[in-house]
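# Fold and geometry: a report
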Amino acid sequence: MWTCPSCGRSFRNTEQSHYCGEKPATIEEYILRQPEAVRDALRQVNDAIRAALPDAQERISWSMPTYWRGRNLIQFAGFKRHIGLYPGPQAVEAFADRLSGYKASKGAIQLPLDRPMPVELIAEIAAWCGGDP
C-alpha cells in the first residue's frame, strides 16, 4: 500500500493518481489540476466530446469529467501515460473494429499520450453515446 504524503489516503499503486481534498467543481478545474504534460490532451478530448454533445451537461462524477443528459453519457480522466475514455461497454463493443490499436476493456479505452489524440473517433464515440451518431 502507498499512502499519499499530502492527504494521507492509501492506495494499492505507488504514486496513484487521485485528488487530495475537495473534488473539482468543473471540467476546466479538473484539467488545471492535472500535470501540465497531460492538459493539452485532456483539452482535446474535452473539446471533441463537447462538440459532439453540445446539449449535454458538464459535470464531475466519480472525480472524473462527465457529460450527462439524464444519465452519464461518457467520462474521461488523465493519467501519467494515457487518457482514459469511459463510454461504457456497448460503445466499446460498437467501435471495437476501430479500437484495435488501443488498449480497451469492458467500458474503457486507453488513449496513449505519446500518440496524437484521435479526436474524430472520440467525437464519434461521444455522439454514439448521446444517441446522436
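In case you missed it, the structure is sitting above this.
To start, this report covers the structure provided alongside it.

Conventions used here
- Residues numbered from 1 in each chain as written.
- Predicted model: local features only at pLDDT ≥ 70, side-chain atom pairs only at ≥ 80, totals over all residues.
- Heavy atoms only, no water.
- Helix = DSSP H or I, 4+ residues; strand = E, 2+ residues; numbered from the N terminus.
- Rg over C-alpha atoms; globule rule 2.2 N^0.38 Å.
- Buried < 20%, exposed > 50% of the residue type's maximum accessible area, 1.4 Å probe, protein only.
- Contact = heavy atoms within 4.5 Å.
- Areas by Shrake-Rupley, 256 points an atom, 1.4 Å probe, with all protein chains shown as cover.
- Phe/Tyr/Trp six-rings, centres within 6.5 Å; stacked < 30°, edge-to-face > 60°.

### A short note on the overall build of the chain
- For the chain, the helix and strand inventory stands at four helices and eight strands.
- Walking the chain from its N terminus toward its C terminus, one meets helices and strands in the order β-β-α-α-β-β-β-β-α-β-β-α.
- For a compact globule of 133 residues, the expected C-alpha radius of gyration is about 14 Å, and the chain comes in at 15 Å, within 12% of that figure.
- Along the longest, intermediate and shortest principal axes, the C-alpha atoms of the chain span 45 × 30 × 25 Å.
- Here the chain, with 133 residues, has 41% of them falling under the buried criterion.
- Taking the contacts inside the chain whose residues are at least 6 apart along the sequence as the reference set, 43% of them involve residues at least 24 apart.
- If you sum the accessible surface of the chain, you get close to 7,800 Å²; carbon and sulfur atoms cover 49% of it.

### Notes on the packing of aromatic side chains
- What the rule picks out here adds up to two aromatic pairs.
- Here Phe-95 and Trp-128 contribute two aromatic rings whose centre-to-centre distance is 6.3 Å and whose plane-to-plane angle is 85 degrees, an arrangement assigned as edge-to-face. In this pair, Phe-95 sits in the loop between helix H3 (89–94) and strand S7 (103–105) while Trp-128 sits in helix H4 (residues 119–129), placing the two residues 33 residues apart along the sequence.
- Take Phe-95: its relative accessible area is 9%, and that puts it in the buried class.
- We classify Trp-128 as partly exposed; its relative accessible area is 32%.

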